[in-house]
Amino acid sequence: MAVLSMVEAIRSTLEAELRTDDRVIVLGEDVGKSGGVFRATDGLQATFGAERVVDTPVSEAAIVGAAMGLAAAGMRPVAELQFLGFAYQAYHQIAGQLGRMRSRSNGRFGAEVTVRAPYGGGVRAPELHCDAFESALAHCPGLKVVAPATAADAKGLLTTAMRDDDPVVYLEPLRGYRLVRDEVPEGDHLVPFGQARTARPGEHVTVLAWSGLVQVVEEAADLAAADGISVEVLDLRTLVPLDIDGIAESVSRTGRAVVVQEAPLTAGFASEVVATIQEEVFLSLEAPVLRVSGFDTPIPMPQLEDEYIPDVRRILAAIRRTVEY
Amino acid sequence: MAVLSMVEAIRSTLEAELRTDDRVIVLGEDVGKSGGVFRATDGLQATFGAERVVDTPVSEAAIVGAAMGLAAAGMRPVAELQFLGFAYQAYHQIAGQLGRMRSRSNGRFGAEVTVRAPYGGGVRAPELHCDAFESALAHCPGLKVVAPATAADAKGLLTTAMRDDDPVVYLEPLRGYRLVRDEVPEGDHLVPFGQARTARPGEHVTVLAWSGLVQVVEEAADLAAADGISVEVLDLRTLVPLDIDGIAESVSRTGRAVVVQEAPLTAGFASEVVATIQEEVFLSLEAPVLRVSGFDTPIPMPQLEDEYIPDVRRILAAIRRTVEY
Amino acid sequence: MSTGQHRAPAGKNASPELRRVLDPAGSLVAEPPDVAEGDLVGMLRLMMLGRRIDQKAISLQRRGKLGTYAPLSGQEAASVGSVYAIDKGVDWVFPQYREQLAMLHMGLPLSTDLLQRMGHPAGSEIPVGVNLYPQQVALAAHLPHAVGMAWGLRLRRLAAVVVAYFGDGASSEGDFHESCNLAGVLKAPVVFVCQNNGWAISTPWRIQSAAESIAVRGAGYGMPGVRVDGNDVLAMYAATGEARLRALDGGGPTLLEAVTTRFGAHTTADDPSRYVVAEEVAAQRGLDPIERFRTYLRSIDRWDDEADALAVKWCDEEIERAVEEFDTTRPPDPAAFFDNVFVGEPKRLERQRAEFRAERAGR
Amino acid sequence: MSTGQHRAPAGKNASPELRRVLDPAGSLVAEPPDVAEGDLVGMLRLMMLGRRIDQKAISLQRRGKLGTYAPLSGQEAASVGSVYAIDKGVDWVFPQYREQLAMLHMGLPLSTDLLQRMGHPAGSEIPVGVNLYPQQVALAAHLPHAVGMAWGLRLRRLAAVVVAYFGDGASSEGDFHESCNLAGVLKAPVVFVCQNNGWAISTPWRIQSAAESIAVRGAGYGMPGVRVDGNDVLAMYAATGEARLRALDGGGPTLLEAVTTRFGAHTTADDPSRYVVAEEVAAQRGLDPIERFRTYLRSIDRWDDEADALAVKWCDEEIERAVEEFDTTRPPDPAAFFDNVFVGEPKRLERQRAEFRAERAGR
Ligand SMILES: Cc1ncc(C[n+]2csc(CCOP(=O)(O)OP(=O)(O)O)c2C)c(N)n1
Ligand SMILES: Cc1ncc(C[n+]2csc(CCOP(=O)(O)OP(=O)(O)O)c2C)c(N)n1
Ligand SMILES: [Mg+2]
Ligand SMILES: [Mg+2]
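These notes cover the structure that comes with them.

Reading the values: rules and limits
Residues numbered from 1 in each chain as written. Chains lettered and ligands numbered in written order. Predicted model: local features only at pLDDT ≥ 70, side-chain atom pairs only at ≥ 80, totals over all residues. Heavy atoms only, no water. Contact = heavy atoms within 4.5 Å. Buried area = accessible area lost by both parts, 1.4 Å probe. Salt bridge = Lys/Arg side-chain N within 4 Å of Asp/Glu carboxyl O. Polar contact = N/O pair within 3.5 Å; in protein donor to acceptor, adjacent residues only side chain to side chain. Helix = DSSP H or I, 4+ residues; strand = E, 2+ residues; numbered from the N terminus. Nonpolar A, V, L, I, M, F, W, Y, C, P; charged D, E, K, R; others polar. Near = heavy atom within 4 Å. Areas by Shrake-Rupley, 256 points an atom, 1.4 Å probe, with all protein chains shown as cover. Pairing = 2+ DSSP bridges. Axes fitted to C-alpha atoms, helices over the stretch in contact; angles between N-to-C directions. Core = buried A, V, L, I, M, F, W, Y, C linked by side-chain atoms within 4.5 Å. Buried < 20%, exposed > 50% of the residue type's maximum accessible area, 1.4 Å probe, protein only. Donors = N, O, S within 2.8 Å, 3.2 Å for Na, K, Ca; no water. Least-squares fit on C-alpha atoms with pLDDT ≥ 70 in both. Phe/Tyr/Trp six-rings, centres within 6.5 Å; stacked < 30°, edge-to-face > 60°. Lys NZ or Arg CZ within 6 Å of the ring centre and 35° of its normal.

### Points about the interface of chain C and chain D
Point 1. With 27 residues of chain C at the contact, the number on the chain D side is 27 residues.
Point 2. Both sides together, the interface formed by chain C and chain D hides about 2000 Å², and carbon and sulfur atoms give 50% of it.
Point 3. Linking chain C with chain D are zero salt bridges.
Point 4. One can count 14 residue pairs in polar contact (both at pLDDT 80 or more) joining chain C with chain D.
Point 5. When residues of the side of chain C that touches chain D are traced back to their parent elements, those giving at least two are α6 (174-186) and α7 (205-208) of chain C.
Point 6. Here the element with the most residues in the side of chain C that touches chain D is α6(C); it accounts for seven residues.
Point 7. A class-by-class count of the residues in the side of chain C that touches chain D yields ten nonpolar, eleven polar and six charged.

Have a look at this one:
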C-alpha cells in the first residue's frame, strides 16, 4: 500500500484502466499534453498517445455528448469537466441525455460513461469554480453520483465507476485533491457503490457527509469527543445509489443525526438525506435531523468562502444542539 | 370576476402588463405570429407589434441570456421556454447567470427577468416535454420559483413576478392549462410570494402540493373526508420563497404531513419540504412525513405516465398510512 | 419564398450554389449519380410509402389512436436520397424526428415507429443489427452523440460513417455548433444532413438566422458546406455519397444542407393557417419531390402505370400490416418504465418497483 | 506558427485577409485611421500600463497577496485599440476576463480590479455611470447578455453599441453560436471581438477548431467577419470603429477576430513549459504590440525618450496608488455575501443571515 493524495490516486487509476482496457478513452479540456489543470491526467497522453487521451475544444456539452456516442460505439470514455461549475454548460446532455439513453432505447444503447469533475470550495478559486450542486445531478434518473473523500476510495470508486455499465458522475473534492493523503491498496481495488463508510464509529449522534467535508466532520468529532460526545461519522461515498440501510442502521442506533453539505441549503442533497432518515427511522429519532450547509447565496468570493462552507465550529454547534435537544 | 382557464389568465396578464409597462417585452420560440404552442401569447404580437412580442431562433440559452441583457438595458423581459424540458439547454444561463448577476455586480445589475415554462405530465406529451425538476431550479441561489395551481393565482403570481426585481422562474402546469378554470379577479391582482394557500382546511393531516397536483390532492381529500379523515390541503404556490411559517403552523396543528410531487423522488423538492417540516415542528410530528412522488426513473412514455404521476389512489394511501401511523 | 430558405446567394463568402440533378419539372440538369437499378425504384416506392404513412397516421391521430404526429410530406427526397447513399450494413443513422423514411430504410419496423408515436414502450425497440440511433426529441442534442459514434467507429478501425439528421431550427442550438466544431477537429466521419424546410414550427428561416444558408457555416468548422435541392432525390443521393466517400477517405465531416419543403403542419398539434399564407402552400406543391422523381423515372422508362399501381398496392399492404401489428400489440406492462433505467439498479429503485407492484396487486 | 491561428487563408469561403495598418516592424502599410492626437499617446500609455500591471500582479500573486491572475501581456493592442474606438459615454463593454485594459479605459478603478482578483467583494463594484458589465468567468456566457443589452439599447432608441470580448476557446461554446445567430437575426448593434491568442490554456487553436479563422464564421450568421492583426493597435481601432458605425447605421453586428499573442502563461496557476516550445515563445516576442506602436509613434514624431520616461512614471504612479488603495481596503464584512442576492429577500435567507450574525457574535 502506498500513501497517495487523492489526485494521485485518480491519476494512477486512470492509468491502470487505460492499460488494462483498450476501450478506455480519456477526453476533456487540457487533459492531454498538459496533463490537466490539476495534473489528474499527468503523463497519460505521453504513455497512451493522443488517440486515447484527447484534448478537446472548449465545449462541455459536446464533451459529454460525444462520450455518449463513443460509448454507443463500444468505447469506455472518461470525460473530464474542468470544474463542476462548467457542467452547467453540459447539463442538458447530463440531465436530458446521459441517464436516459438506456431507457429511451429499451436497453439497446447504454451510456457507459464516467464524467469526472472537481468541485467545491476551500481553495480560493474564482467564481463558478467551486459550485457544489450534487442534488441537481442526483435528481437525474439513470445517473449514479459518486463523491469519494479519501484517496483509497478515490481509487476504489473510480475503478468501479469506469467498469460500471451505467453512467456515473464522479465528483472530486478540490480541497482534498492534494491535502487528503492515505493508504491506497495496490492492484485491482473496487469499492462497491451504495455502501457508506463508517469513518469513525460512535454512539450519541450520527453525522453524515461526503467528499471534501468528511475530514472536517472528523475534526469536529474529535472536539466533540473531548466534550464527551461520541460521534459516528458516516461518509456516504455514493449519493446515488444511497446506502439507505446503512444510514438507517446507524441513526436508529444513535437516535440523532446531522447532515453536512457545502451546497446551498434549499433543495441540496442534505435535504434528501434528512427526508430519508425521518422516513426510515422516525420512531428512533430523539431530535430533529439538522442540516449544516452552505447558505442560500452563491458561494462567496475567495475572501469570504470560509464563512460560507461549514466549518468545525458550525458542525460542532449542530452536534451539541442535537445531542442536547 | 370572470371564469378563466389558467392559460387564459396567463395570456390576459401578459397583455395587461404589456399595456401598462412599456418596458415589458415577451420573447421566445413561436410566441409571436402563432401566439405560442399553447396560445399563451395569442394575439399579443398583433396588438403590441413584433418589436415587443418577439419570435426567436431555437436557442434556449440565448433566450434566457438575452433576457438578462435586456433587463440590464432597463427592459422587463418575459422569456418563454416552450417546455421546461428544454430549460436543460438553458441551465447554464439559469443556474450560473440569472440568479447571480446581482451579487456578481454588487447590485449594479439585476436580472429583472421572468422565465415562463409549461411543465409536468398528464397530457400525453412526448419525452422531455413533461419533465419536472423544480428542485434543480429552487437550488439556484438568487432565483425565485413560482408554481401556481389556479387561474386566479396564475394571474396574481405572474403579475407579482413581472413586477418583481428578482429573477423568477414561473412554472405552468400543462395538465391544468385548459382544465383548471376558476374565478380570476379583474384589474390589478397581485399575490405575494412566500404565502402558501390553504386550498382546504382540515384537522388530521396536512397534504402539501403545488402546481398541477393540487387538484389531485383535493380529490383525494374529498375521498378521505368520506372516510372521516379531515385533510388540510396546502398549495405552496411559491417554492422560493417557501412559506416556512405557514407550513409549520399547519403541520404543528395537524401533527401529520404528506408531500406530493410529480418529479422523481430522489432530491426532488418534496425532500426539501420534508426536511424543513421535521426541522421546524419535530415535536409536533406524530408520524413520519411521507412523500408521494414520481419514481426514480424518467417520466415514462405517454401510455404509462398515469402509472408514474401520483394519483388519487396513491395519495389517499399515503394519507391513510400517515393517519394510521 | 417568404421563409427565406431559398434566399439567393450573394456577396463574399456566399453560399454554395444549390446543387441539382433534376429540375423541379423532373428533367435532368446534371449528370445523374450511378444508382443501382433496384434502388431507383426502391427510392420512389419508399417516398410514396412515406406520403401514405402520413395520411394514415394523421387519420389515426384524429381518431385518438396515435399521439402527436410530425408529418414528413414534402421532405421524402431529403431522407430517402441521403439514406440510400449509405451502406446500411456498416453506416449509422442518427435521426431527429422527421426522418421516418430513413429509419424504415435502416430496418426499423413501421409498426415500431407507430408504437413509438403512440407512446408505447415497445416503440423504443430498435432491433439488434439495425444501425439506427433512437430519434431525438431535444433539437440537436443527438449531434454530439453522432460525432462520438463516428469517432468511436474510427477508433475501432471500422470503415463506416454516421449520417446525422436535423432541421433548420435545430441549427440554432449550441449543440449544433459544438458538434460540428468537434467533428471538424477530429475529422470524424459524419455527414451532417440539415433538412432546411424553412420552418421551425411557426418560425420561418429568415427569423431563424440571418445567414444566407446553413451550408455556408461549413467553413466555420473547416468542413465543406454543400447546398442541395432537398426535393431532388438524385441530388441528395449524389451529394451524400460523395460526402460519405470523403469521410471514409479520412477527409472528415460534411455539412449538407437539404433545401426542402414542409407541405403540412409542423405536427398534428399545429395549425399552420395561423402563420403561413395560402399562396406559399400552393407554391410549395409545385416542388413535390415524388412527382419530380416519378416524371424522371417515367422519362427513362423505369416507371409506368403498372409500376405505380404495384407500388400503391405495396404501400397499402405495408401500412395495413404495420397497423395490424400496432393494433394487436398488447398494452405495456404497467411497470415497464422501471426497466432499462440502470443495469446495476440502486436498491431504492428496486424498492420503488416492488412497492409499485404491491400497490397494484392490492387494488 | 504551431498554434495554427495564423493559418493561411485558402480555398473557397476563405478567411478574410488579415487586416493591418502597421507591419510588425511598425511601418505603415495602409492608410491609418483618424485618431485624436491625445488618443494616440493615450493608447500607448494604456498599453504600457497593462504590461506593468502584469509584472506587479504576478509579483503580488507570488507573495500571496493576489489570487490567480490572468496576464494580458502580448494582447494589449487588441483590447486598447478596440475600446478606444468606441464612445465610452454611450457604448458598452462586456468583457471576458483578459480585457483589464478595456475595463480600465471604461472607468473601472485599477484598485477595484485588483480587489476582484484578490477575491474581495469590493472588487465587484462597478461605479455607476461606467458602461461596463462584470467580467465573466464562464466562457462565452456573457455573449447572450451582450446581445440582449444591444437589443435593449436599440429598443430604447439609444444610439449605442456593445463591444463583447471573448477568446478563441470561448468561440467553441454553444453560447457563442446562439448569441451570434440571434444578433444577426435582430441586427443587434454588437461588435463581437474575439481575441484569438492561439491558446485556450494548453489547447492550441488547431485543436480548438479546424476552421481557418474565427472571422470566417461571420457568414454563418449573416454578418461580416473581419480578421485583424490584433497586435496592431491602429488596425484594431480602425476595424472596431467601422463595425461600430455599421452597427449604429442599423447594419447589425460584426464578428471581429483579433489575431494576437499570449506572451505568458494562461494564468499564474499555469505552467506553459508543459505545452509550449521555447522557439514559439521567442517568435512571439517579435510581434510585441507595444514595440510596434512605439516605433510608429516615434517615426511620426509623436513619441520620444522623454514621453517614454513620463509614461513609465505615470504607470508606476497609477499602479502604486492602486496598490496602496488595495492594501488599505479593509477586510470585507463577513456577512457581505448575503447582500445583493435578492432585492426582495426570502424570509429563509433573512433567517440564515441572522443566525450567521448571531453565531459570529457568540464566538
Ligand atoms: C431543445 C429543444 N427546444 C425546443 C423544442 C421544441 N420544438 C420542437 S420542434 C421545434 C421546431 C424544430 O424546427 P426544425 O429544427 O427546423 O425541424 P422541423 O420541425 O422543421 O423538421 C421546436 C422549437 C425542442 N424539441 N427541443
Ligand atoms: C464554460 C467554461 N468552460 C471552461 C472554463 C475553464 N477555462 C478557463 S479559461 C479557459 C481557456 C479559455 O481560452 P480562450 O477563450 O481562448 O481565452 P484566453 O484564456 O486565451 O484569453 C478554460 C477552458 C471556463 N472558464 N468556462
Ligand atoms: Mg425546419
Ligand atoms: Mg485564447
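### Things to note about the site of ligand 2
Point 1. With respect to spatial proximity, 21 residues lie near ligand 2, and among them A:E60, D:Y97, D:R98, D:D168 and D:G169 are the closest.
Point 2. Each of chains A and D places residues near ligand 2.
Point 3. Backbone polar atom of D:A170 to an oxygen atom of ligand 2: 2.8 Å apart, as the coordinates give it.
Point 4. Contact with the protein chains covers 96% of the free accessible surface of ligand 2, which is 580 Å².

### Some points on the sheet that holds strand β4 (residues 76-80) of chain B
Residues and elements named next belong to chain B.
Point 1. Read from one edge of the open sheet, seven strands run β3-β2-β4-β5-β7-β6-β12, paired in mixed fashion. Two strands bound the open sheet, and with one partner strand each, they are β3 (53-55) and β12 (238-240). Across this sheet, the average inter-strand angle for adjacent strands is 20 degrees, counted without regard to direction.
Point 2. By the bridge criterion, two bridges tie strand β6 (residues 144-146) to β12 in an arrangement that is antiparallel. Within β12, the residue paired with V146 across the bridge is T238.

### As for the interface of chain A and chain B
Accessible area lost upon the coming together of the parts is a frequently used measure of interface size.
Point 1. The interface is formed by 48 residues belonging to chain A together with 48 residues belonging to chain B.
Point 2. Here chain A meets chain B over a buried area of about 3900 Å², counting both sides, of which 61% is carbon and sulfur.
Point 3. If you look at where chain A meets chain B, you find eight salt bridges.
Point 4. A salt bridge links A:E272 to B:R291; the nearest nitrogen and oxygen atoms lie 3.0 Å apart.
Point 5. Secondary structure elements with two or more residues in the side of chain A that touches chain B: α4 (91-98), α5 (101-104), α6 (134-138), β13 (257-264), α10 (269-280) and β14 (290-294) of chain A.
Point 6. The dominant element in the side of chain A that touches chain B, judged by the number of residues it contributes, is α10(A), at eight residues.

### Some remarks on unusual backbone geometry
Peptide bonds are, in most cases, trans, and in most cases residues other than glycine have a negative phi.
Point 1. In this structure, the amide linkage connecting A:V240 to the following residue, A:P241, adopts the cis form with an omega of 0 degrees.
Point 2. Among the structural elements, A:P241 can be located in the loop between β12 (238-240) and α9 (244-254).
Point 3. Although it is not a glycine, B:R237 sits at a positive phi angle of roughly 65 degrees.
Point 4. Its place among the elements puts B:R237 in the loop between β11 (231-235) and β12.

### With respect to the nonpolar core
In summary, soluble globular proteins display a tendency toward joint burial of nonpolar side chains.
Point 1. Ranked by size, the top nonpolar core spans 404 residues in total, and within it A:I277, B:I277, C:F293 and D:F293 carry the most contacts.
Point 2. Not counting residues up to four positions away in its chain, the partners in contact with C:F293 are C:L22, C:L40, C:M43, C:L44, C:M47, C:V233 and C:L234.

### What about the coordination of the magnesium ion (ligand 4)?
Point 1. Taken together, D:D168 (OD), D:N197 (OD1) and D:W199 (O) make up the full set of protein donors to the magnesium ion (ligand 4), lying 2.0 to 2.1 Å away.
Point 2. Every donor residue of the magnesium ion (ligand 4) comes from the same chain, spaced as D-x28-N-x1-W.

### A word on the site of ligand 1
Point 1. Lining the immediate surroundings of ligand 1 are 21 residues, of which B:E60, C:Y97, C:R98, C:D168 and C:G169 lie closest.
Point 2. One finds residues of chains B and C in close proximity to ligand 1.
Point 3. In the environment of ligand 1, an oxygen atom lies 2.7 Å from a nitrogen or oxygen atom belonging to the side chain of C:R98.
Point 4. For ligand 1, an oxygen atom lies 2.8 Å from a polar atom in the backbone of C:W199.
Point 5. In terms of residue class, the shell around ligand 1 is made up of ten nonpolar, six polar and five charged.

### Some points on the relation of the copies chain C and chain D
Point 1. Superposing chain C onto chain D takes a rotation of 180 degrees combined with a translation of 0.0 Å along the rotation axis, leaving an RMSD of 0.0 Å. The operation mapping one copy onto its partner corresponds to a two-fold rotation axis. In terms of proximity to the rotation axis, the leading residue of chain C is C:G174, whose C-alpha is 1.7 Å off the axis.
Point 2. Mapped onto chain D, 100% of the interface residues of chain C again fall at the interface, so both copies present the same surface.

### Points about the relation of the copies chain A and chain B
Point 1. Expressed as a screw operation, the relation of chain A to chain B combines 0.0 Å of axial shift with a rotation of 180 degrees, fitting to an RMSD of 0.0 Å.
Point 2. A shared interface surface links the copies, since 100% of the contact residues of chain A are contact residues in chain B too.

### Considering the packing of aromatic side chains
Each aromatic ring pair is described using two quantities: the centre-to-centre distance and the angle formed by the ring planes.
Point 1. Considering all chains together, one arrives at 45 aromatic pairs over all chains under this definition.
Point 2. Here the aromatic rings of A:Y325 and B:F282 are separated by 5.8 Å at their centres, their planes lie at 80 degrees, and the arrangement is edge-to-face. Within this pair, whereas A:Y325 is found in the segment after α12 (312-324), its partner B:F282 is found in the loop between α10 (269-280) and β14 (290-294), the two belonging to separate chains.
Point 3. Residue A:Y325 is classed as partly exposed on the basis of its relative accessible area of 43%.
Point 4. Clustering of aromatic rings is evident, with ring pairs tying together A:Y88, A:Y91, A:F133, B:Y88, B:Y91 and B:F133.
Point 5. Just above the ring of C:W314 sits the side chain of C:R45; from NZ or CZ to the centre is 4.8 Å.

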